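Reading the structure
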Amino acid sequence: MFFTAYNIAYLLSQALGVFAVYKFMKAFFEKRRVKKVTAVIAYAGFYVIAASVYLLINIPIINFIVTLISYFFLTFLYTSPIKKRIYISLIVFVFGICTEMFIVLLTGYINFPINEVNNYNSIFGIVALNVLFFVVSMICGLFKNIKNDNILPKSFWALFLIEPILSLFVLSMFFQSKDLSSYEISFSVAAILMMNFTVFFLFDRISKLYKEKQESAFIKQQNEYYVNQLTAVEELYQTSREARHSIKNHLLTILSYIEKNDNCEAKKYITDTVGSYQNKAEIIHTGYPEIDGLLNFKFHPAIENGTKININVSIPSGLSFPSFDLTVILGNLIDNALEAVAFVDEDPFIDFRINCSKGLMIIKIFNPYKIAVNMENGKIITSKKDTANHGIGLKSVKEALNKYNGITKIETDQNIFTITAALYLNQN
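Residues numbered from 1 in each chain as written. Predicted model: local features only at pLDDT ≥ 70, side-chain atom pairs only at ≥ 80, totals over all residues. Heavy atoms only, no water.

Turning our eyes to something else, we now look at the overall build of the chain. What the chain contains, in helices and strands, is eleven helices and nine strands. Split into buried and exposed, the 428 residues of the chain put 42% on the buried side. Long-range pairs, those at least 24 residues apart, make up 76% of the contacts in the chain with a sequence separation of at least 6. Element-wise, carbon and sulfur atoms account for 60% of the exposed surface of the chain, whose accessible area totals about 24,000 Å². (Helix = DSSP H or I, 4+ residues; strand = E, 2+ residues; numbered from the N terminus. Buried < 20%, exposed > 50% of the residue type's maximum accessible area, 1.4 Å probe, protein only. Contact = heavy atoms within 4.5 Å. Areas by Shrake-Rupley, 256 points an atom, 1.4 Å probe, with all protein chains shown as cover.)

With that settled, consider the pattern of salt bridges. Taken as a whole, this structure holds four salt bridges when the rule is applied. Asp335 serves as the salt-bridge partner of Lys298, at 2.6 Å between the closest nitrogen and oxygen. Of this pair, Lys298 sits in helix H9 (residues 289-304) while Asp335 is found in helix H10 (residues 323-341), placing the two residues 37 residues apart along the sequence. A residue is classified by how much of its surface remains accessible, and Lys298, at 10% relative accessible area, is buried. Among the residues examined, Asp335 registers a relative accessible area of 25% and is labelled partly exposed. A salt bridge links Lys370 to Asp345, with the shortest nitrogen-to-oxygen separation between them at 2.8 Å. A residue pair is termed long-range when its members are at least 10 positions apart, and Lys370 in the loop between strand E4 (360-368) and strand E5 (375-376) and Asp345 in the loop between H10 and strand E3 (349-357) qualify at 25 residues. For the pair formed by Lys370 and Asp345, the shared burial category is exposed. (Salt bridge = Lys/Arg side-chain N within 4 Å of Asp/Glu carboxyl O.)

Ranked by size, the top nonpolar core spans 46 residues in total, and within it Phe28, Tyr87 and Phe95 carry the most contacts. Ranked by residues supplied to this core, first place goes to helix H4 (residues 82-106) with twelve residues. If sequence neighbours within four positions are ignored, Phe28 has contacts with Lys84, Ile88, Ile91, Val92, Cys140, Ile146, Lys147 and Phe200. Grouped together as the second largest cluster of nonpolar side chains are 38 residues, Leu294, Ile334, Met361 and Ala421 included. (Core = buried A, V, L, I, M, F, W, Y, C linked by side-chain atoms within 4.5 Å.)

Time to look at the packing of H4 against helix H5 (residues 123-140). The interhelical angle for the contact between H4 and H5, taken along N-to-C directions, is 140 degrees, at an axis separation of 9 Å. By the angle class used here, H4 and H5 are oblique. The two elements H4 and H5 cross, and the hand of that crossing is right-handed. Across the interface between the two elements, Val92, Phe95, Gly96, Thr99, Glu100, Phe102 and Ile103 of H4 pack against Gly125, Ala128, Leu129, Leu132, Phe133, Val136 and Cys140 of H5. (Axes fitted to C-alpha atoms, helices over the stretch in contact; angles between N-to-C directions. Parallel < 35°, antiparallel > 145°, perpendicular 65-115°, else oblique. Left-handed = near helix turned anticlockwise from the far one by under 90°.)

Every other side chain in a regular strand lies on the same face of the sheet, so the side chains alternate between the two faces. Direction of pairing for strand E7 (residues 407-413) relative to strand E8 (residues 416-424): antiparallel, over a ladder of seven bridges. Its bridge partner being in E8, Glu411 is matched across the sheet by Thr418. Taking the residues between adjacent antiparallel strands as the criterion, E7 and E8 are bridged by two residues, where Gln414 takes a positive phi near 50 degrees. (Pairing = 2+ DSSP bridges.)

Bringing unusual backbone geometry into the picture now. Backbone geometry at Asn261 places phi at a positive 60 degrees, although glycine is not the residue there. Its place among the elements puts Asn261 in the loop between helix H7 (182-259) and helix H8 (263-276). With a phi close to 50 degrees, Asp347 is a non-glycine residue in the positive phi region. Considering the arrangement of structural elements, one finds Asp347 in the loop between H10 and E3.

Turning our eyes to something else, we now look at the sheet that holds E3. Pairing between the strands of a sheet comes from backbone hydrogen bonds, and it takes one of two forms, parallel or antiparallel. Spatially, five strands are ordered E1-E3-E4-E8-E7 in an open sheet, and the strand pairing comes out mixed. The two strands at the open ends of the sheet, each matched to only one other strand, are strand E1 (308-314) and E7. Averaged over all neighbouring strand pairs, the angle between strand axes comes to 10 degrees, with direction disregarded. Pairing of E3 with E4 involves seven bridges; the strand directions are antiparallel.

According to the stated counting rule, one finds 13 aromatic pairs in the structure shown. Note on Tyr22 and Tyr43: the rings are 5.6 Å apart at their centroids and 90 degrees apart in plane angle, and the pair reads as edge-to-face. Of this pair, Tyr22 sits in helix H1 (residues 5-28) while Tyr43 is found in helix H2 (residues 36-56), placing the two residues 21 residues apart along the sequence. A relative accessible area of 8% places Tyr43 in the buried class. Taken together, Phe19, Tyr22, Tyr43 and Phe134 form an aromatic cluster joined through their ring pairs. The lysine or arginine in question, Arg85, covers the ring of Phe76, its NZ or CZ lying 4.4 Å from the ring centre. (Phe/Tyr/Trp six-rings, centres within 6.5 Å; stacked < 30°, edge-to-face > 60°. Lys NZ or Arg CZ within 6 Å of the ring centre and 35° of its normal.)

Listed below in structure tokens is the structure:
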């Protein structure tokens, strides 16, 4: 009979198990890439597939394969690099296997033929293992730094992946073991579970350290922008003082030219005087120190090296934006443009524009380029050898934009590179 008490208990408790998988994914991934209804359908589909395979086939090895593949596909509901998808699929699978084996052993079932039909029929056990799996998911939800993407070196990812793979290998040995008692296997499974928790904890701590290191570098760079802006203001103040001290002499000289009816010399003198007192330290003044300091700091060296900088910035007063994220976005986009024009021999230029309308900030940069732009799946691939630590990176720009539902668009046409970034801000 299909609707036995055990099968009904399984179907009910499996709903909690699927919810536990959802809690795992929510704990590990920061942003969902699909609509909520799509995610609900995906988890419901996972429930139907897992329950069907278990009730109709019920061969452990097939159950395991289907479950692991399902976990991996569920990770595509979220935004994340492939290496993290693999790690999360494996670690959730290991947690599930460990909790299942632990409960099954405690309920007296020690025969584990993974390629034969499973005869396990403990109602208490099937409910308890899903409850324990849910508890483990809640514990994992306490780790907040695991959501950070793309900040760990590849070598770290390789080390973290080894632990769940080795755990699966050891667990497979337990399935085939006939000489160990249920208590020995239970103790070993609990030890494997704790080791994976330990590695998971280290993963979380290391992610936090790398994030703090990255933020420290950003803050240091932003401080340099502020120092540069302060220097620019001081130079402007000093120039103004000098102008006030010498204005009388300039006026007397101009008056003498006028009295002699030498208007040409008077105009020339006025032009020369105005030019000498123009503020050369500050090329842009928006009223927002974060933007002014960054643009002045970045563009001044380029102007001195012969690059023509065209700036068109229109930002209304009272605009609220996060200076940290904006520094990440603007700093990296400008660095990319400066790097590209450094290789341009004839007429290097950068056209920089910011426009704000109805809470939407649009940043657009045009610049010529000489070295070919490497694109992969619509993304720029850096040509730097130090790909892990080079600059802020367009990945960081994308992450910053994602916080404000922003987007980037890249175009290349006739050796002109154009990048557009848009993000939503708050209007006070």
